[in-house]
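Survey of secondary and tertiary structure
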Amino acid sequence: MTDTELQQHVELQQSFDATIADEARIEPRDWMPEGYRKTLIRQIAQHAHSEIIGMQPEGNWLTRAPSLRRKAILMAKVQDEAGHGLYLYSAAETLGADRADLTDKLISGRQKYSSIFNYPTLTYADVGTIGWLVDGAAICNQVPLCRSSFGPYARAMIRVCKEESFHQRQGYELLTTMMGGTDEQRAMVQESVDRFWWPALMMFGPPDDRSPNSEQSMAWGIKRHSNDELRQKFVDMSVPQAEALGVSFPDPDLAWNAERGHYDFGEPDWSEFTEVVRGNGAMNVERIAVRRAAHEDGAWVRDAATAFAAREQENHR
Ligand SMILES: CC(C)(COP(=O)(O)OP(=O)(O)OC[C@H]1O[C@@H](n2cnc3c(N)ncnc32)[C@H](O)[C@@H]1OP(=O)(O)O)[C@@H](O)C(=O)NCCC(=O)NCCSC(=O)Cc1ccccc1
């Protein structure tokens, strides 16, 4: 690097640092450190993959929804998740990532998606529990991302969060209906909540002292809160909702701590989390196989769209 180039680099870094310090936005054409770009692509791609893989657990119940109304709501929700994936892949593209390459990394196991989607949906109550707890955790995590320092990601999160709020309410409403039904339905709800509570807490990622990316991501304004802060917020928010619903969480250590002004809660099983993230959860193999098959089955659509675009370009020359 020549002296002039070095001076230029220092100025670009200073301008980037000042933008972050002012809580202003970094936009795609702005200069950014390579680490910032890489971290964003990693997080946004994982987020996009989660939305797309996240269509499968609830999609499993589309053909067995108990009424036309429930089916219409569920179809709208699953389609919303596809839309979220698409905004997020577009946000990653503004950073220079290639969508086809990201999909390839997902189906070859080189990029992650959220651990939560590797658990099976065994009963219809799981549709309600996913809406209430999984979308609830997603909102808790994503509302602060509306203030993320990278413009396209932050703006995508605004619409995503609005839709996730509808998802959470539909889940809670579904469970409320079931809790007003028979003893068997109430038991089904409780059993579902028992299975999803701990995996929902794991969605926030490892504890802060074992989260290698948090410190730098927070310094860059990509993340606004630590994993443990958001997990605590989610627990505090969920306990009164569980009481109103008439269900309990499977945690004997869950208790109000007046001194802290928060609920104390037990430690999730982090060895289970590690196994699921490594690919050894109940549904990892199936989730990727379904995604891979959908991608391969869709090859003719991509080929046709590419051929059409090439012909259009030729016609307009
Ligand atoms: C908080 C965190 C998830 C992780 O913090 P970071 O600072 O990034 O990482 P950290 O250093 O703490 O962790 C070390 C390593 O562990 C990985 N890892 C951590 N946690 C998990 C996990 N749970 N699962 C799998 N892997 C996890 C992490 O990537 C890192 O690995 P790497 O170094 O890459 O090899 C952050 O990326 C984030 O906020 N993402 C945006 C939100 C988002 O992605 N939401 C998606 C779900 S919501 C949804 O889809 C909506 C919906 C609802 C219903 C139906 C359908 C759809």
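Here, every reference points to the structure presented above.
The written sequence of each chain sets the order in which its residues are numbered from 1. Under the rules for a predicted model, residues below a pLDDT of 70 receive no local features and side-chain atom pairs below 80 are neither given nor counted, while totals for whole chains, interfaces and linings still include all residues. Side-chain metrics rest on all non-hydrogen atoms present in the structure, leaving aside hydrogens and water.

Moving on to helix α10 (residues 227-245). The helix and strand labels rest on DSSP assignments: H or I over at least four residues marks a helix, E over at least two residues marks a strand, and numbering proceeds from the N terminus. By this rule, a helix spans an expected 1.5 Å times one less than how many residues it contains. Taking 1.5 Å as the rise per residue, α10 with 19 residues should run 27 Å; its terminal C-alpha atoms sit 27 Å apart, in good agreement. Three labels apply to residues, based on accessible area from a 1.4 Å probe with only protein chains included: buried if under 20% of the type maximum, exposed if over 50%, partly exposed otherwise in between. Along α10, the positions that sit buried rather than exposed are Asn227, Leu230, Arg231, Gln232, Phe234, Val235, Asp236, Ser238, Val239, Ala242 and Leu245. Residue glycine 246 follows α10 closely and has a positive phi angle near 90°.

Moving on: the site of the ligand. Residues are counted as near a molecule or strand when any one of their heavy atoms sits within 4 Å of it. Lining the immediate surroundings of the ligand are 35 residues, of which Gln46, Lys112, Ser211, Lys223 and Asn227 lie closest. Distance and chemistry together define a polar contact, namely a pair of N or O atoms within 3.5 Å, with one atom able to donate a hydrogen and the other to accept it when in protein, and with adjacent residues in sequence counting only for side-chain atoms on both sides. Taking proline 212, its main chain carries an N or O atom lying 3.3 Å from an oxygen atom of the ligand. Here an oxygen atom of the ligand and a side-chain polar atom of asparagine 227 are 2.8 Å apart. Shrake-Rupley sampling with a 1.4 Å probe provides the accessible areas, and residues are treated as covered by the protein chains on show and by no other component. For the ligand, whose free accessible area comes to 1,100 Å², the fraction covered by protein is 90%. Lining residues are those with an atom within 4 Å of a point, where the points come from a 1 Å grid over the protein atoms alone and group into cavities, where a 1.4 Å probe fits but cannot get out, or pockets, open sets with protein on both sides within 12 Å along at least five of seven lines. For a molecule to be placed in a cavity or pocket, more than half of its atoms must lie within 2 Å of the grid points of that cavity or pocket. Judged by the proximity of its atoms to the pocket grid, the ligand belongs to the largest pocket. Elements with a minimum of two residues in the shell around the ligand: α2 (34-53), α4 (68-93), α6 (125-142), α7 (151-179) and α11 (270-280). Broken down by element, the shell around the ligand gets its largest block of residues, six residues, from α2. For this scheme, ten residues count as nonpolar: Ala, Val, Leu, Ile, Met, Phe, Trp, Tyr, Cys and Pro. Four count as charged, namely Asp, Glu, Lys and Arg, and the remainder, Gly too, count as polar. Its residues assigned to classes, the shell around the ligand shows 13 nonpolar, 13 polar and nine charged.

Turning our eyes to something else, we now look at the layout of surface pockets. Grid points are joined across faces, edges and corners, and a volume is the space filled by probe spheres set on the points. Computed from the structure, the largest pocket encloses a volume of approximately 1,100 Å³. In terms of lining residues, the largest pocket is bounded by 45 residues, among which Gln46, Ser114, Met203, Phe204 and Gly205 are the most central. Of all the elements in the fold, those that place two or more residues in the lining of the largest pocket are α2, α4, α6, α7, α10 and α11. Per-element accounting of the lining of the largest pocket gives the leading share, seven residues, to α6. Looking at the lining of the largest pocket, its residues break down into 19 nonpolar, 15 polar and eleven charged. Approximately 430 Å³ is the volume attributed to the second largest pocket. Among the secondary structure elements, those contributing two or more residues to the lining of the second largest pocket are α3 (55-59), α4, α5 (99-107) and α12 (284-297). A per-element tally of the lining of the second largest pocket places α12 first, with four residues. Split into classes, the residues belonging to the lining of the second largest pocket amount to eight nonpolar, four polar and three charged.

Once that is clear, we can look at the packing of α7 against helix α8 (residues 183-202). For helices, the axis comes from a line fit to the C-alpha atoms of the stretch in contact; other axes are also lines fit to C-alpha atoms, and the angle between any two N-to-C directions lies between 0 and 180 degrees. With their axes 8 Å apart at the nearest point, α7 and α8 run at an angle of 140° to one another. With respect to α8, the element α7 is oriented oblique. For the pair α7 and α8, contact is made by Leu175, Met178 and Met179 and by Gln185, Arg186, Met188 and Val189, respectively. Partitioning the contact of α7 with α8 into residue classes produces five nonpolar, one polar and one charged. For this classification, under 35 degrees means roughly parallel, over 145 means roughly antiparallel, 65 to 115 means roughly perpendicular, and everything else is oblique. In what follows, a contact means two residues having at least one pair of non-hydrogen atoms within 4.5 Å.

Between Lys or Arg on one side and Asp or Glu on the other, a salt bridge is scored when a side-chain nitrogen of the former is within 4 Å of a carboxyl oxygen of the latter. In total, this model carries 20 salt bridges according to the counting rule given. With a closest N to O distance of 2.9 Å, lysine 77 and glutamate 81 form a salt bridge. Of this pair, lysine 77 and glutamate 81 both sit in helix α4, separated by four residues, roughly a single helical turn. Here lysine 77 and glutamate 81 have matching classes, each one buried. Here aspartate 126 makes a salt bridge to arginine 195, at a shortest N to O gap of 2.8 Å. Note that aspartate 126 is positioned in helix α6 and arginine 195 in helix α8, a separation of 69 residues in sequence. We classify aspartate 126 as buried; its relative accessible area is 0%. Within the structure, one salt-bridge network assembled from shared partners comprises Glu58, Lys77, Glu81 and Asp135.

What we call a nonpolar core is a set of buried Ala, Val, Leu, Ile, Met, Phe, Trp, Tyr and Cys residues that are connected through their side-chain atoms within 4.5 Å. Trp132, Leu133, Val189, Trp197, Phe234, Val247 and Phe249 are the most contacted members of the largest nonpolar core, which has 46 residues in total. Those elements giving two or more residues to this core turn out to be α4, α6, α7, α8, α10 and α11. Not counting residues up to four positions away in its chain, the partners in contact with phenylalanine 249 are Trp132, Leu133, Val193, Trp197, Ser238, Val239, Ala242 and Leu254. Ranked by size, the runner-up nonpolar core spans 27 residues in total, among them Ile44, Tyr89, Leu102 and Tyr153.

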